[in-house]
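# Breakdown of the fold
Take a look at the letters that make up each chain.
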Amino acid sequence: MSVLPASPRVEPPVTPASPQQPPRHRGRSQRPSSHGLSSHGPRSHRPRWPWLLLAPGLLWLLVLYLLPLLSLVPLSLSEPVSRFGLETVFRGRLANYQEVLQAYGPILLRSFAYAALATGLGVVLAYPLAWAIRFRGGRWQPLLMGLVVLPSLTSFLVRAIAWTSLLADQGPLLQLLRSLGLIAPLEGLGVLHDGRLLNTATAVILGLTTNLLPFLVLPLVVAMQRIDPVLLEAADDLHAGALRRFTQVVWPLSRPGLAAGILLSLIPAAGDVVNPRFLGGPNNQMIANSIDNLLLVQLQAPRAAALTLVLMALISVAVLLQLRRGLEELPLP
Amino acid sequence: MTPFAHHEGRRTFLRRLAWGASGALLTPALLQACGRGPGGGGEGADKEGADKEGGELVISSFPLYIDPSRPGAPGSVERFQRDTGIRLRYGEDVNDVRQFFARIRPALAAGQTLPQDIVVLTSWMAARLIELGWLEPLPFERIPNASNLIPSLRKPSWDPEQRFSLPWQSGIAGIAYNIKATGRELRSIDDLFDPALKGRVSALLEMRDTMGLLMLADGKDVSRPGWSDAQPSFDRLERARRDGQIRRFTGNDYQTDLLAGNLAACIGWSGDVAQLALEQPDLRFVVPESGGILWADLMLMPRGARHPNAAARWMNWVYDPPQAARIAAAVQYISPVEGVRQILAKDPATAALASNPLMFPGPAEQRRLHLFGPLSEADEARWDERFARITQG
């Protein structure tokens, strides 16, 4: 659902200018010398007009994203005039925040825990997948990348509803687990609850993982494209085993892709509404379900706005932390 | 927003039933079609109205709440269009009354009109809409068949002069269960809290049905629901949710779970279960010992409805007993129309329905059914909040 606003962030790993690499293009590093003004440093000689290229995107974000978001601020401090009317009156009511944090704090924690678990599981699945596509895909690579994206072409809503049959108590997956005698061990591990999968935390997390997998795999593949296979051969020549080749070559060189992938998957996962609704039970609802309920059932628009802003703030903090950590790694210009 | 998986088999069944019923009912329907508008002046006015309004009608109702068409056996929507020449757009887009309210609220609060001429909603929502002044009085002078309304549903407390509402169907909230899964008959609400059924029980998101049944089990009076009276039931529900006894809170979608075997027992609605039971014979519906909740869904005209004459034609048409009998045979709820039982009894294909106490509760059964009384606006807000906190975890 957040594919649109998030997609520009796929780009950083693609921009091919790593600081250590020698300049391959006749780009800005050559321009100063051609002007013969090297004493002023490179910064002052960069033309300003490329910034204008940002204008349409910034305008888009300003009008369609930032302004609506800012309008939530006064709303979140307001009170409804009547229970069923649309009007609200601004009262500087900070108590809205206190109330939603008190009531929905545990659900916020749960949402981030589910999102983190789903992302972690996604990383574990995505690494081998991306590695295989990059180094073993050969000429099938575009097709394999297409296959990774293919599930996203189905509506995730339809997918979640279809899963309710797949994960049902008498459904194929549980039948299989039963015939393999895996019910009791999985229950012991806390994967199954009361011998079932549907309407459990596990189902929600699996659903989230499925949604975010392409967002992890694609940036990883792109990041791995930039790993020269020669490096792996060199590591092999130096008697590095598979594990060391991964930890010392693949991992550090693909981390920018991973950082981007985590950003792209953690954010939508934390705000997901569909998976908990269809695959979870009443003990597995996430924060977006609470916002939905506050707005549409309890008709408490101000509190829904407050909770939305709290969620946005927490996500922004997570993004900033991630960006700070990733800044050295992300090949930003 | 919630599209839920329709059970295809169920639709097929409904169609089969409509097919069976149509054999016996076709003749009266044709007679009705030919003899429309017997009062000359009425017909003229009607026609004129229909012309002015472009002969259109837009209805929003709950899913699977009318007899569907099948090849050779047109459903009510199709027959009405044929009989009247009015183009009817019948939407099954009310899945959850509260979410539907959230959808229509912006337009109505801003004084705009809705595309719908008729919305079918539950009684407490009808009461709210009347209170807000968002409904148009129904043109009863054009609905002579409204006199067929059964006495028990006339003049409800929230519409004491019967100006704004006409019942669509009525029904019972009680316990539905799969006898194979429970291994025993269920009789009381306590049975839903049996640890043996942990994680295989669901309750309804319709607060008045779920809370009403629980309060009846606590011996409380639901005709005047009090906040403090409700607390033990709220607490019990919250504990059951936290302990994992209750697997889900559902709208209509409990049907899918019941058929798929994900649920052993649940709080459900009589007509649904009656229909499902014909497909899955192990399903039962029971009015709990402590009593069941009787509810009604009503046809309402939103303020400024554009085609009031066509709306009146529809209401009059569905209150014609032969038409009402077909709808009743398909949906198997309590029909609000007098004479339906006799029509169903005459046809061997539907005779069994005529003696179904869930469709035609006798005096003894009716004593065990209770209407959930009104909640004040302030009370409703805290009830809604507490219930939401329980159902949302």
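Criteria and thresholds
- Residues numbered from 1 in each chain as written.
- Chains lettered and ligands numbered in written order.
- Predicted model: local features only at pLDDT ≥ 70, side-chain atom pairs only at ≥ 80, totals over all residues.
- Core = buried A, V, L, I, M, F, W, Y, C linked by C-beta atoms within 7 Å.
- Buried ≥ 20, exposed ≤ 12 C-beta atoms within 10 Å, placed from the backbone.
- Helix = DSSP H or I, 4+ residues; strand = E, 2+ residues; numbered from the N terminus.
- Domains from an automatic or database assignment.
- Contact = placed C-beta atoms within 7 Å.
- Nonpolar A, V, L, I, M, F, W, Y, C, P; charged D, E, K, R; others polar.

### Thoughts on the nonpolar core
Ala265 and Leu300 of chain B are the most contacted members of the largest nonpolar core, which has 108 residues in total. When residues of this core are assigned to their parent elements, the largest contribution, 8 residues, is made by strand β10 (residues 292-302) of chain B. Counting the residues that make up this core, at least three belong to each of domain 1 (8-169 + 296-353) and domain 2 (171-294 + 369-391) of chain B. Filtering out sequence-adjacent residues up to four positions away, Leu300 of chain B remains in contact with Ile118, Val119, Leu121, Ala126, Leu129, Leu135, Phe164 and Ser165 of chain B. If you look at the next biggest cluster of nonpolar residues, it comprises 58 residues, including Tyr114, Ala130, Ala160 and Ile291 of chain A.

### What to know about the interface of chain B and chain A
On the side of chain A, 26 residues touch chain B, which itself brings 29 residues to the contact. At the level of elements, α4 (97-109), α8 (227-242), β7 (246-250) and α16 (377-391) of chain B are the ones that each hand at least two residues to the side of chain B that touches chain A. Looking at the side of chain B that touches chain A, the element that brings in the most residues is α16 of chain B, giving 7 residues. Considered class by class, the residues forming the side of chain B that touches chain A number 10 nonpolar, 8 polar and 11 charged.

### Concerning the domain arrangement of chain B
Accessible area lost upon the coming together of the parts serves often as the stated size of an interface. Residues and elements named next belong to chain B. Domain parsing of chain B yields domain 1 (8-169 + 296-353) and domain 2 (171-294 + 369-391). The partner domain 2 presents 13 residues to the 16 residues of domain 1 that form the contact. With 4 residues, helix α1 (residues 8-34) is the single largest residue contributor to the side of domain 1 that touches domain 2. By residue class, the composition of the side of domain 1 that touches domain 2 is 9 nonpolar, 5 polar and 2 charged.

### Focus: helix α12 (residues 321-331) of chain B
Residue and element names in this part refer to chain B. When you tally the buried positions in α12, you get 10 out of 11 residues, the bulk of the element. Taken residue by residue, α12 has Pro321, Gln323, Ala324, Ala325, Arg326, Ile327, Ala328, Ala329, Ala330 and Val331 as its buried positions. Gln332 occupies a position one or two residues after α12 and carries a positive phi of about 60°.

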